[in-house]
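# Fold and geometry: a report
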Amino acid sequence: MSEQEIMISMKDVNKWYGDFHVLKDINLTIKKGEKVVICGPSGSGKSTTIRCLNHLEKFQQGQIHINGTELIDDVKIVRHIRSQVGMVFQHFNLFPHLSVLENLVLAPTWVHKVPRKEAIKNAMYYLERVKIADQANKYPNQLSGGQQQRVAIARCLCINPEIMLFDEPTSALDPEMVSEVLDVMVELADEGITMICVTHEMGFAKKVADRVIFMDAGQIIEENDPHSFFDNPQSDRLKLFLEQILSH
Amino acid sequence: MPVYTMKETKPAPSTSKGVVFWLRENLFPDIKNSLLTLTGFYFLYLAIPPLLTWMIFDATWSGTQEEIVNEGARWIFIIEKFDQFIYGFYPESLHWRPNLVLLITVLFLGSFKFVGNIKVKIVAILTYPFICFVLISGGWFGLETVGTEKWGGLMLTLVVAAVGIIASFPIGIVLALGRQSDMPIVKTLCIGFIEFIRGVPLITILFMASVVLPLFFSDGIDFDKLLRALIGITLFQAAYIAEVVRGGLQAIPKGQYEAAKSLGLGYWQGMIFIILPQALKISIPNLVGSFISLFKDTTLVLIIGLFDILAMVTLTNSDTLWLGYEIEGYVFVTFIYWVICFSMSQYSKSIERKFNTEH
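Residues numbered from 1 in each chain as written. Chains lettered and ligands numbered in written order. Predicted model: local features only at pLDDT ≥ 70, side-chain atom pairs only at ≥ 80, totals over all residues. Heavy atoms only, no water.

Bringing the pattern of salt bridges into the picture now. Any two side chains of opposite charge can pair, so long as their charged atoms come close to each other. As enumerated under the stated definition, the model contains 20 salt bridges over all chains in all. Of the charged contacts, one joins A:Lys239 and A:Asp236 as a salt bridge, the two residues approaching to 3.9 Å between their closest N and O atoms. Of this pair, A:Lys239 and A:Asp236 both sit in helix H9 (residues 236–247), 3 residues apart, which is roughly one turn of the helix. A residue is classified by how much of its surface remains accessible, and A:Lys239, at 35% relative accessible area, is partly exposed. Here A:Asp236 falls in the exposed class, since its relative accessible area comes to 61%. Residue B:Glu243 pairs with B:Arg179 through a salt bridge whose shortest N-O separation is 2.7 Å. Note that B:Glu243 is positioned in helix H9 (residues 225–251) and B:Arg179 in helix H6 (residues 153–179), a separation of 64 residues in sequence. Assessed through its relative accessible area of 14%, B:Glu243 is described here as buried. Residues joined in a network through salt bridges with shared partners are A:Lys15, A:Arg51, A:Glu57, B:Lys254 and B:Glu258. (Salt bridge = Lys/Arg side-chain N within 4 Å of Asp/Glu carboxyl O. Helix = DSSP H or I, 4+ residues; strand = E, 2+ residues; numbered from the N terminus. Buried < 20%, exposed > 50% of the residue type's maximum accessible area, 1.4 Å probe, protein only.)

Here it is in structure tokens:
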């Protein structure tokens, strides 16, 4: 592990909502360029874990380092870290009052001070890559779910992130549109960006993940390479989980 | 196994279209509704013809008081006193100045929808109040100064309403954001201000502004009466705007805040580019409702001795040469208020349509 740069490290991270202990001693190290898939039953803390990484959620104990910077509750540090971490949400969260192009141009021009012309050029490049450049001047609500999620991915890419976080990116989509989003994500993975993806798309996990992590009740129960993870699960909890999601 | 083919689309049956169909469907669908329709028409028959006779057919539009022979409305009163209703005691030779302000305002509102460039808009918004103030008040660029004691009539009503609306809007937004702030002191101050103002009638605030406010300043300073009223009205309106905007802010899904944050936008950037444009858009109907009610409330300034259009009508009614013209005067004022309020609500609808992105 030491020869490769460490991108994310979580050390003994604990989080409570009031009295409810959501994250219990999370320890996780992710190298530059690594692709990690997190799965687990709902309420297991997998979304909370990745939301801690860009400070959408605060944690009470432990340490998180992102690309060498310790994540602390400080406006400047948080903004510095967020400018390196892109996040794709379950419900896309595009800005409905702005056109697709403006959705992509906003953050680069105001956060990264990129000249508008250049920002538009970049935006069109990324829209091209997610195969949706012809919709640049439409508004998000005029697009299908799959198209919106691809725009959301392009919006993240526009800030040139080191790390991409995906929070159940396909679970709000109609079945017909899942594959167009997964295709884009697979392409991204092939290009070597560091990726953490909370998802139940096991086919995707098998195809791109370097490591799959199983969480339950706020803990990491098991982690392994996808081959061993699916074919040779160690814990009873994971065996049961895999049985349930693969049986139908 | 059956194989399905795509069916052709067919036009809707013709029995569901046309005037007769509309009448039957909407006015006479069954006996109960037909009776209601007929009763409605009967009341209209009772009310409309006499009203039209009084207002138009039997009305007197020109000539002198002695020549009046008709029973209807004597609009010559309005025509005679028109300048006073509109300009109050503003010097007649300078009426072109408020007129020019009105023209600028109409152009400003009319063109605003069509100007895309945000910088032009901001410059226009910032210079507009200054230009209007200089034109009406004078004292700059060689314009003769006209003291606020001479302002009156519809002009004063519009000035009070416009200042109240324009000044209270940003203050209200800041108060609404403050009310949602994480900082306890800011939050408490904003809630305290909003709840205090909303718990007090506008009349009380106007009295306070005209009587209590001067106590805070040293004796030498003569604080303009109109300015005091404007401060009172602005603060009053700001509290209401704050609550309307808060309603809009709460309607914005949490995901929008999170998306703004996750892209690295700071608090103010997120608010200005993402949250407020959406929150204000949702709030337009309520904001305009609040502005319309402010416009009507401006008439309360008469109790602290300012002569708005309603006060001017009351005043001209006590002119011994023109006694007994109250009805014409008040009908005229009603008409003016209605035209302006109705225009405001129509303007708001057109803005709503422009901002609608869910085609």
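Moving on, there is more to tell.
A few words on the confidence of the model for chain B. Across chain B, pLDDT averages 86, with 97% of residues at or above 70. With pTM at 0.83, the complex prediction returns an ipTM value of 0.91. (pLDDT = per-residue confidence, 0-100.)

Right, let's get into helix H7 (residues 184–198) of chain B. Residues and elements named next belong to chain B. Helix length check: H7 (15 residues) gives 21 Å between terminal C-alpha atoms against 21 Å at 1.5 Å per residue, within 8%. The complete set of buried residues in H7 reads Cys190, Ile194 and Ile197. Around the axis of H7, the buried residues are gathered within 75° of arc, so they sit on the same side. Pointing more than 90 degrees away from the buried face of H7 are the exposed residues Pro184, Ile185 and Thr188. The secondary structure elements touched by the buried residues of H7 are H6, helix H8 (202–212) and H9. (Expected span 1.5 Å × (residues − 1). Arc of directions from axis to C-beta. Contact = heavy atoms within 4.5 Å.)

Turning our eyes to something else, we now look at the interface of chain B and chain A. Listed by partner, the interface residues are 20 residues for chain B and 24 residues for chain A. The contact between chain B and chain A buries some 2000 Å² in all, and 62% of this surface belongs to carbon and sulfur atoms. The tally of links between chain B and chain A comes to 1 salt bridge. Of the charged contacts, one joins A:Arg51 and B:Glu258 as a salt bridge, the two residues approaching to 2.6 Å between their closest N and O atoms. At the surface where chain B touches chain A, the tally comes to 8 residue pairs in polar contact (both at pLDDT 80 or more). Of all elements in the fold, only helix H10 (254–262) and helix H11 (267–297) of chain B reach the threshold of two or more residues within the side of chain B that touches chain A. Top element by residues in the side of chain B that touches chain A is H10(B). It accounts for 8 residues. Broken down by class, the residue content of the side of chain B that touches chain A amounts to 7 nonpolar, 9 polar and 4 charged. (Buried area = accessible area lost by both parts, 1.4 Å probe. Polar contact = N/O pair within 3.5 Å; in protein donor to acceptor, adjacent residues only side chain to side chain. Nonpolar A, V, L, I, M, F, W, Y, C, P; charged D, E, K, R; others polar.)

Residue and element names in this part refer to chain B. One way to put it is that helix H4 (residues 96–112) packs onto helix H5 (residues 118–137) with a least axis distance of 9 Å and a crossing angle of 165°. As summarised for this structure, H4 and H5 are arranged roughly antiparallel, according to the angle between their axes. For the crossing formed where H4 meets H5, the hand is left-handed. Mapping the contact onto sequence places Trp96, Arg97, Leu100, Val101, Ile104, Thr105, Phe108 and Phe112 in H4 and Lys121, Ala124, Ile125, Tyr128, Ile131, Cys132, Leu135, Ile136 and Ser137 in H5. Of the residues in the contact of H4 with H5, the class split is 13 nonpolar, 2 polar and 2 charged. (Axes fitted to C-alpha atoms, helices over the stretch in contact; angles between N-to-C directions. Parallel < 35°, antiparallel > 145°, perpendicular 65-115°, else oblique. Left-handed = near helix turned anticlockwise from the far one by under 90°.)

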